[in-house]
Structures are given as C-alpha cells and as structure tokens.
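# Results of the structural survey
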Amino acid sequence: MSSKMLKFVATEKAMPSKRKADARVADFDEIYDDFDVEAAETQASRCSQCGVPFCQTNCPLHNNIPDWLMMTAEGRMQEAYELSSQTNNFPEICGRICPQDRLCEGSCVIEKGFESVTIGAVEKHITETAFAEGWVKPAAPRIELEESVGIIGAGPAGLAAAEMLRHRGYQVHVYDRYDRIGGLLIYGIPGFKLEKSIVERRGKLLRDGGVHFHLNIDIGADVTFNEIRAKHDAILVATGVYKARDLNAPGSGLDGIVPALDYLTTSNRKSLGDDVPAFEDGRLNAEGKDVVVIGGGDTAMDCVRTAIRQNAKSVSCLYRRDKANMPGSQREVQNAEEEGVIFKWLSAPQAFLGDDKVTAVQAQSIHLGQPDATGRQVPQVIEGSSHNMPADLVIKALGFDPEDMPKMFGDDGLGVTKWGTISIDWKTMMTSQNGVFAAGDIVRGASLVVWGVRDGRDAAEQIDAWIVQQAEANAPRRAGSGS
C-alpha cells in the first residue's frame, strides 16, 4: 500500500473553501471553490484503503473510490481520471450534486471519530483537472455500426446511455421536448449547485462524439411514438418524471401557489438569458415577497435558496417532520440556514388564506407518533395548534410522479406499474414492447441523478446485447459495408 495513505489520524477533514453567505446569495454561482492540487492530495491521503470499501459498495455506480483516491494522493491524476470515468459518465456533475453525506461519504469507515474522506470534492477536482489538461475526449468508436438507437429524454439516464452506445459505434439519436439538453440538470438544479456551463460542456462532448440531438420534439404531439420506433432498431425511454404532486387543502387553487419545477425552471431560464415573462411580471419571482416552501427534499432546498437569491422579503420552509428526518442532504440544509432560510420543523399546511391571491398559509404543529410499517414515525396533528404564516408566494416541493405515458405516447400497449412508472424486466431493462427499453426516474420513480446514470449505463448494455442477438446471423455490421 502507498505510504501516502491512512493519514486520517493526523490530518483533519477539510472541504473546499465556501464563499461567505452574504456574498454568495448575491448571485447564482457555485458556492464551493475547487481544491488546489495540494489540498486534493492531502484530503485523498486520508483514505484508509479499507478491505471492504463501503464507500464503493454504497455508491449506485460502484465507483472505484479508494483506488482513485490513492492515485490522487500520489499525483497520478490522469490515471485517477481514467479510472473514475470508467464507471461514471459525468463525474464532474456527480462530484457537485450527489448527496455524498447520504452515500459514499456517509458510508466511510473512518466517519466515526475522524470524519469521512471528502470524496465528492476530490472527484470534482479529478475531472476538472482532466478537462484542463485535455484528457477528456469525445466518443471515438473503432467501428461505425448501421444500427441506430432512439433515446427519448436528454436527462442523466438518456445522456449516459447515449454516450455508452456511441462508444460501441451505434448511431444514437436523442429526442427531447425541451430546447436544451440536460433535463433537470439544466432546468431543475440551480446554478449555485451546478453551473449550466458544466452541463453544456458535457453536451458539446456528446455532440462532438456523434450523438444527434433533436430538441423541441414532443413525442405524441409533434411525432408519434410509433414513428420514432420505425426509425430505429431499438428505443430507450428515459423521460424522467415531471408531474408535480399536489396538496389538497382549502385555498390550494389561489394565485401565488406554484409547483416547484415551474419556479425553478423560470429561474434557471432567466439565468441562461432567456426571455421569461412569468419572471418579469412577478408571478414566479420571489423579490420582495414572503415565501413559504412546502417540502423537505433537495428540491425544497433548491427553492428556498433560489428565493433568497431573488431578494425575497422572507423565506420559510414548512416540513412536517423534524430536521433529523429530512430526506434531503443535511449539507444543503446547513447551507440554506447560513443563507437566512427559516425552517419550520414539525409543521404542515392546513389551508391557504386569501381572496383571489394567497396571503397566508394556515399551518398546524405536528407530533411524530409511533413508527408505521416502513419504520418511519407517523406525523400526527396537535389539536388547537393552528397558526398563520404570511405568504405572497407558496412553492409546493412535494415530489414528482410520472405522467400518463401510454396516453402521452398514444400507445396503450406500453405497460406501466400501479404507480404509473413504466414496467420493465429489470434483467433486460425491456418494457412490455419488444425492442423498447426504459431507464431512470420513469422506471424507478423520482430519484437521484447518480441512479439515472447507473440505469442509463445498464440500459445501454442491455440494448447492445439485444441488438447483437437480433443480428447474430448477419455478416459484419460495419456501416456502409453493403453486406
């Protein structure tokens, strides 16, 4: 083992420097600086190189974390990048937005008493070094195949699959209803967590590698699903889930109560320089308003921190459980608290007040009762605890459900589960229709970007295996061979 490792006893954990809250709330730039070479090597050297790397086993991608930490500590940066990119198509993105405190870092065996290795920041440093040094190259398949694959959805799962299939030589066409690629990476996640230039840089790599993008294409409206199927040898559905969960409470139809994704998309479009009427006329602009965000996940954290940057008068987060039970990253909660967000733990909305437009949220205090079948304590309303919170803008960050895919695609033969997600055989990633595969949130429900990347990679492998099986009796499959 390298003599540079196991330094956690004498070397304290350190994150990259973070901009002060009063400075960072003035813009949408990322809040963490990059590690320099010395800091990255020092923090990587804290790894214990344990025999059973729980950081790796608890990463959805099973990244070879101990190995690339050791390479970083030894200054072998190109090797570290090559190893990192073998298992992750977007390490520069995952290093920024993965909830490491719940995944790799939270599983680190030196966590108790010494604090975990700063895995995410080192991963980001490795890939940014690789981009700076010119080591990151677009796909360059050794052989071009005739077969084409159509991918519906340009989010993490679709993009990961596209890159993997291009490496194998397939002609890859990605269709998306939005005008930019990236899905929630570009429109759902604010720039202070993931600057849009990072996503655009990855998109350019995919284009340079031969992936064809067809944007502003709404499957089922602009072109039928069957027409897309007829153009390609296989189809991957990776649309994500975009249907906002609603809250049935008195007054929920008042103006000023909006879904989280509408609010975040408007803000991100404004940051990208688009003309956004809903922002300019104030409908989806928090400036000068009392803002209440309902929810406790990462999307809720994105909303409260965005509202702060839009110069809201006040920003409160209403969550029916306590801080320990927040589903979102604790690191994000801490950042939000530093920036001035007020958290109303153990509170739930009872009604929304106002005539035509919301003026307040009537909330109730909550007590956590006995655990249910899932093991989570059941929230119980405390009688007589109603209280009003001023609100000019209420943002519902309650999660996402799948759209009605058979109806949207105009294809009743596409099987779905009781939750509305597309039903697949997890061994083959194939849907109820031959040659049609599915991956990402539209299969597993709203989840993390890293799981989307994992599903996209798995789907690409299964698509390749299926196409090879279909064509196994044919002559060499080089494009233009004429055989």
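Just so we're clear, the structure is a prediction, and the values are computed from it rather than from any experiment.

### A closer look at the packing of helix H4 (residues 65-73) against helix H8 (residues 119-133)
Between H4 and H8, the shortest axis-to-axis distance is 11 Å and the interhelical angle comes to 60°. Here H4 runs over H8; the crossing is left-handed. Across the interface between the two elements, Ile-65, Trp-68, Leu-69 and Thr-72 of H4 pack against Ile-119, Val-122, Glu-123 and Ile-126 of H8. Residues belonging to the contact of H4 with H8 are distributed by class as follows: six nonpolar, one polar and one charged.

### Side note on the nonpolar core
In terms of nonpolar packing, the biggest core is built from 69 residues, with Ile-151, Leu-236 and Val-237 touching the most fellow members. When residues in this core are grouped by element, the largest group, eight residues, is from helix H19 (residues 449-470). Leu-236 has contacts with Gly-150, Ile-151, Ile-152, Ala-161, Phe-437, Ala-438, Ala-439, Ala-459 and Ile-463, leaving out every residue within four places of it along the chain. Counting 29 residues, the second-largest nonpolar core is a separate cluster that includes Cys-108, Ile-110, Ala-121 and Ala-130.

### A closer look at empty space enclosed by the protein
Applying the stated criterion across every chain yields a total of six cavities of 30 Å³ or more. Taken as a whole, the largest cavity spans an internal volume of roughly 350 Å³. Around the largest cavity, the lining is made up of 24 residues, and of these Tyr-32, Gly-95, Arg-96, Ile-97 and Gln-100 lie nearest the centre. Residues belonging to the lining of the largest cavity are distributed by class as follows: nine nonpolar, five polar and ten charged. Estimated volume of the second largest cavity: approximately 100 Å³. When residues of the lining of the second largest cavity are traced back to their parent elements, those giving at least two are H4 and H8. Tallied by class, residues from the lining of the second largest cavity come to ten nonpolar, two polar and one charged.

### Points about the sheet that holds strand S7 (residues 290-294)
Ordered by their spatial adjacency, five strands build an open sheet running S6-S14-S7-S8-S9, and the pairing between neighbours is parallel. Looking at which strands have only one partner, the edges of the open sheet turn out to be strand S6 (257-259) and strand S9 (342-344). Averaged over all neighbouring strand pairs, the angle between strand axes comes to 25°, with direction disregarded. Sheet topology places strand S8 (residues 314-318) next to S9; three bridges connect them, and they run parallel.

### So, a nonpolar patch on the surface
On the surface, Val-52, Phe-54 and Val-109 cluster together to form a nonpolar patch covering roughly 250 Å² of accessible area. Along the polypeptide, Phe-54 turns up in helix H3 (residues 54-57). Judged by relative accessible area, Phe-54 falls into the partly exposed class, the value being 39%.

### Thoughts on the pairing of strand S4 (residues 234-237)
In S4, alternate side chains face the same way, and those of Ala-234 and Leu-236 on one face and Ile-235 and Val-237 on the other are all buried. Here strand S1 (residues 148-152) runs beside S4; their pairing, made up of four bridges, is parallel. Bridge assignment links Ile-152 to a residue of S4, and that residue is Val-237. Bridge analysis of S4 against strand S16 (residues 436-438) gives three bridges, and the strand direction is parallel. If you follow Val-237 over to S16, its bridge partner there is Ala-438.

### Looking at helix H13 (residues 260-271)
In this model H13 runs 17 Å from its N-terminal to its C-terminal C-alpha over twelve residues, within 8% of the 16 Å that 1.5 Å per residue would give. In terms of burial, H13 is a largely internal element, nine of the twelve residues being buried. When we look at burial in H13, the residues that qualify are Ala-260, Leu-261, Tyr-263, Leu-264, Thr-265, Thr-266, Ser-267, Asn-268 and Arg-269. Two residues or fewer past H13, Gly-273 is found with a positive phi of approximately 95°.

What counts and what doesn't
- Residues numbered from 1 in each chain as written.
- Predicted model: local features only at pLDDT ≥ 70, side-chain atom pairs only at ≥ 80, totals over all residues.
- Heavy atoms only, no water.
- Axes fitted to C-alpha atoms, helices over the stretch in contact; angles between N-to-C directions.
- Helix = DSSP H or I, 4+ residues; strand = E, 2+ residues; numbered from the N terminus.
- Left-handed = near helix turned anticlockwise from the far one by under 90°.
- Contact = heavy atoms within 4.5 Å.
- Nonpolar A, V, L, I, M, F, W, Y, C, P; charged D, E, K, R; others polar.
- Core = buried A, V, L, I, M, F, W, Y, C linked by side-chain atoms within 4.5 Å.
- Buried < 20%, exposed > 50% of the residue type's maximum accessible area, 1.4 Å probe, protein only.
- 1 Å grid on protein atoms, 1.4 Å probe; cavity = no way out; pocket = protein on both sides within 12 Å on 5 of 7 lines; lining within 4 Å.
- Points joined across faces, edges and corners; volume = space filled by probe spheres on them.
- Pairing = 2+ DSSP bridges.
- Patch = residues over 30% accessible without salt bridge, like charges linked within 9 Å, V, L, I, M, F, W, Y side chains within 5 Å.
- Areas by Shrake-Rupley, 256 points an atom, 1.4 Å probe, with all protein chains shown as cover.
- Salt bridge = Lys/Arg side-chain N within 4 Å of Asp/Glu carboxyl O.
- Expected span 1.5 Å × (residues − 1).

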